[in-house]
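# Coordinate inspection notes
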Amino acid sequence: MAEIPPPLPKVVPKRAVVIGAGVAGLAASIRLARLGLQVTLLEKNSSTGGKLAEYQEKGYRFDIGPSLFTLPHLVDALFELCGEEPARYFRYMELPDMCHYFYPGGQRVVTCRDRGTLDERLAQALGEPPGRTKAFLSHSEMLWRLTAELFIFGDFRRWPYLRRAMAQIALADLMRVGFFSTLDKVTRRFFTTQEARQLFNRYATYNGSDPYRAPGTLAVIPHAEYGFGAWLPEGGMVAIPRSLEGLARRQGVRILTGTEARKVEKLNGLWRVETALETFESEILVCAVDVTTFFTRIFPQPAWRRKLIRQERSTSAFVFNWGIRGLHPQLGVHNIFFSSDYATEFQSLQLQQMPEDPTVYVFISSKALRSDAPEGCENWFVMVNAPAGFPSDVGKTEAIKEKILKKLNRQIGFNISGQIEVEYVLTPSFLGSRDGSYDGALYGAASNSPWSAFLRMPNQSRRFPGLFFCGGTVHPGGGIPLCLSSAKLMSDAVARYLA
Ligand SMILES: Cc1cc2nc3c(=O)[nH]c(=O)nc-3n(C[C@H](O)[C@H](O)[C@H](O)COP(=O)(O)OP(=O)(O)OC[C@H]3O[C@@H](n4cnc5c(N)ncnc54)[C@H](O)[C@@H]3O)c2cc1C
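All values reported here derive from a predicted model rather than from experimental measurement.

Core analysis: the largest hydrophobic core is formed by 113 residues, its most contacted members being Leu32, Tyr101, Phe200, Ile240 and Leu244. Each of two domains, domain 1 (15-52 + 237-312 + 446-498) and domain 2 (115-225), supplies a minimum of three residues to this core. The residues touching Leu32, leaving out its near neighbours within four places in the chain, are Ala16, Val18, Leu37, Val39, Val286, Met490, Ser491 and Val494.

Right, dumping it as structure tokens:
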């Protein structure tokens, strides 16, 4: 897809301060340094990466944030932008078995990228009439073609993107994108079995949303996986921020970890960012932290805060990282153990309750990266969705763990509890305090309404000149690929601002 090139700034160098060194802040810093700005990146934690973090104990290594890596070329693009060969610093492998799905009724499906094979597998395992899966994936691809350039890699609020979209998209096509339908209604149109619908409804959770309320447009998400593949970086997911940190440093970005931005103000046309030890001044300020947290704690603006907290949060999660003795050949890198009633599960989440029968996700990177667990062992990252802000006391966390163990024991057919030798737990409140995510929401505001995309904070503030935004809580949304896109849209906006 051809990029719309940003205009080159006339006056350089200027200073930019970027707050937050998650994947978005790192990508943003690299891009701003390429524009010729002097960039300082402030990170409150002791390392960069934000949600892309890891935990190690007794020979086990866990990625304790994102686990599914799609659209890897967006990371490569940053190296290419800086004239470097990506594979020298960052390598990744494709996972031929994308995800192992386990149903309460005993059915099992392993998904793969080839549409014909996938269609056959769903027909055999779930009884889905042949051709349905292929048709759905073609629909997803069609949505990608119609919407990606405008809503993911572009900004629908800006005339150049709109003009290009209007030139390429027929009015009839617009009627097919499903703005006013729901993802569940779309999957009902394509699939006859509840199991196949559940499999593809699950894609709403890729941005923390509810398939029974999120717009049918979210049927675009499967194409990111089936069209472009599921990948795993060598060295694990943390290889993404680590390689980007190296690239940022080579571009001259000053990275200060353990440096929390405590207060921001604008004085005499310059942004001032206060930290415990130093105050930084700059012409450009980039917020690469949760935007609600920014307008609540760092740059308090009651009107903006009110507007942002009115929006429904995306889901948070409880994650149990377990070092497991023993090997489990029936599992893959990515595994889903579905609930028996998906609609009830999401109703509970909407009511701010933990579902009685939650869908359980198990990520085992040691299946592909052997050094991630000791010989004869596996590193399980076990996650269930939770309402954002859900209380994280010990009693509640233990009750959730028991539920998960019971379900896994029943569905896999053996007792896992006795095999756990390492445990590291993440709760919604832990996620909230570690990354500064408001209420521990994984993806900022949820996409549960047709208007969600339009309510997201744009990448440039209209109210405060020189203030820009990127990351999972602003346009175009959450997840690694969208964060990388937001950094590009933001730096394009900076280039226009300085031109
Ligand atoms: C458990 C989990 C599973 C996920 N699974 C996936 C997945 O499989 N695939 C996928 O693509 N996405 C997934 N995501 C979402 C993805 O991780 C995020 O969308 C993305 O990492 C957000 O990046 P970011 O840079 O916007 O924000 P963050 O990663 O949250 O980075 C923000 C940074 O700002 C720092 N910060 C906050 N306040 C301050 C301050 N005052 N001063 C200085 N620094 C500050 C934080 O410490 C943090 O480092 C998952 C997220 C979680 C938590």
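In the vicinity of the ligand lie 34 residues, with Glu43, Lys51, Gly472, Gly479 and Ile480 positioned nearest. Within the side chain of Asn45, an N or O atom sits 3.1 Å from an oxygen atom of the ligand. Ala261 has a polar backbone atom sitting 2.9 Å from a nitrogen atom of the ligand. Out of a free accessible area of 1000 Å², the ligand has 94% covered by protein chains. The set of elements that each furnish at least two residues to the shell around the ligand consists of helix H1 (23-34), helix H16 (428-435) and helix H18 (480-498). With 3 residues, H18 is the largest single contributor of residues to the shell around the ligand.

It is worth spelling out the state of the cysteines at this point. Enumeration according to the criterion identifies 0 disulfides in this entry. No disulfide involves Cys470; its sulfur sits 7.6 Å from the nearest other cysteine sulfur, which is in Cys287.

Its 12 residues place the ends of H1 17 Å apart at the C-alpha level, agreeing with the 16 Å of an ideal helix rising 1.5 Å per residue. Within H1, 11 of the 12 residues are buried, which leaves it mostly tucked inside the rest of the structure. Taken as a whole, H1 has its buried residues at Val23, Ala24, Gly25, Leu26, Ala27, Ala28, Ser29, Ile30, Arg31, Leu32 and Ala33. Buried residues in H1 make contact with strand E1 (15-19), strand E2 (38-42), helix H2 (73-81), helix H11 (239-250), strand E13 (284-287) and H18.

Strand order in the open sheet made by the 7 strands is E7-E6-E15-E16-E17-E14-E18, with mixed pairing throughout. What marks the edges here is a single partner per strand, and that holds for strand E7 (108-111) and strand E18 (420-426). For this sheet the average axis-to-axis angle between neighbouring strands, irrespective of direction, equals 20°. Across 4 bridges, strand E15 (residues 334-337) lies against strand E16 (residues 360-363) in antiparallel orientation. In the strand pairing of E16, Asn335 is matched with Val362. Docked against the sheet, helix H15 (residues 394-412) engages strand E6 (99-102), E7, strand E14 (316-325), E15, E16, strand E17 (377-386) and E18, running at close to 55° with respect to E14.

Counting buried residues along E14, 9 of its 10 residues qualify, which places the element largely inside the surrounding structure. Here E14 pairs with E17 via 10 bridges, running antiparallel. Among the inter-strand pairings, Asn321 is bridged to a residue of E17, identified as Phe381.

Right, let's talk about the packing of aromatic side chains for a bit. In this structure the tally under the stated criterion is 43 aromatic pairs. Ring geometry for Trp271 against Phe299: centres 5.6 Å apart, planes inclined by 80°, an arrangement best described as edge-to-face. Of this pair, Trp271 sits in strand E11 (residues 270-274) while Phe299 sits in the loop between helix H12 (291-298) and helix H13 (302-309), and the two are 28 residues apart along the sequence. Judged by its relative accessible area of 0%, Trp271 falls in the buried class. Take Phe299: its relative accessible area is 8%, and that puts it in the buried class. When the ring of Phe295 is compared with that of Phe469, the centres are 5.9 Å apart and the planes differ by 55°; the resulting orientation is tilted.

The subject of this paragraph is unusual backbone geometry. That bond from His475 to Pro476 is cis: its omega, 5°, falls within 30 degrees of zero. If you trace the backbone, Pro476 turns up in the loop between strand E19 (467-469) and H18. Within the chain, Leu71 stands out as a residue other than glycine whose phi angle is a positive 50°. Mapped onto the secondary structure, Leu71 falls in the loop between strand E4 (60-63) and H2. The backbone of Asp439 sits at a positive phi, close to 60°, despite the residue not being glycine. Exposure remark for Asp439: the relative accessible area of 39% places this residue in the partly exposed category.

Reading across the sheet, the 5 strands line up as E9-E2-E1-E13-E19 and stay open at both edges, with parallel pairing between neighbours. At either margin of the open sheet sits one strand with a lone partner, and together these are strand E9 (254-256) and E19. With direction set aside, neighbouring strand axes in the sheet form an average angle of 20°. In the sheet, E1 pairs with E2 via 5 bridges, with the strands oriented parallel. Following the sheet pairing, Ala16 is matched in E2 by Val39. Packed onto the sheet, H12 meets E1, E13 and E19 and runs at close to 140° relative to E19. In this fold H18 packs onto E13 and E19, with an angle of close to 160° to the strand it touches most, E19.

Basis of the calculations
Residues numbered from 1 in each chain as written. Predicted model: local features only at pLDDT ≥ 70, side-chain atom pairs only at ≥ 80, totals over all residues. Heavy atoms only, no water. Core = buried A, V, L, I, M, F, W, Y, C linked by side-chain atoms within 4.5 Å. Buried < 20%, exposed > 50% of the residue type's maximum accessible area, 1.4 Å probe, protein only. Domains from an automatic or database assignment. Contact = heavy atoms within 4.5 Å. Near = heavy atom within 4 Å. Polar contact = N/O pair within 3.5 Å; in protein donor to acceptor, adjacent residues only side chain to side chain. Areas by Shrake-Rupley, 256 points an atom, 1.4 Å probe, with all protein chains shown as cover. Helix = DSSP H or I, 4+ residues; strand = E, 2+ residues; numbered from the N terminus. Disulfide = S-S within 2.5 Å. Expected span 1.5 Å × (residues − 1). Pairing = 2+ DSSP bridges. Axes fitted to C-alpha atoms, helices over the stretch in contact; angles between N-to-C directions. Phe/Tyr/Trp six-rings, centres within 6.5 Å; stacked < 30°, edge-to-face > 60°.

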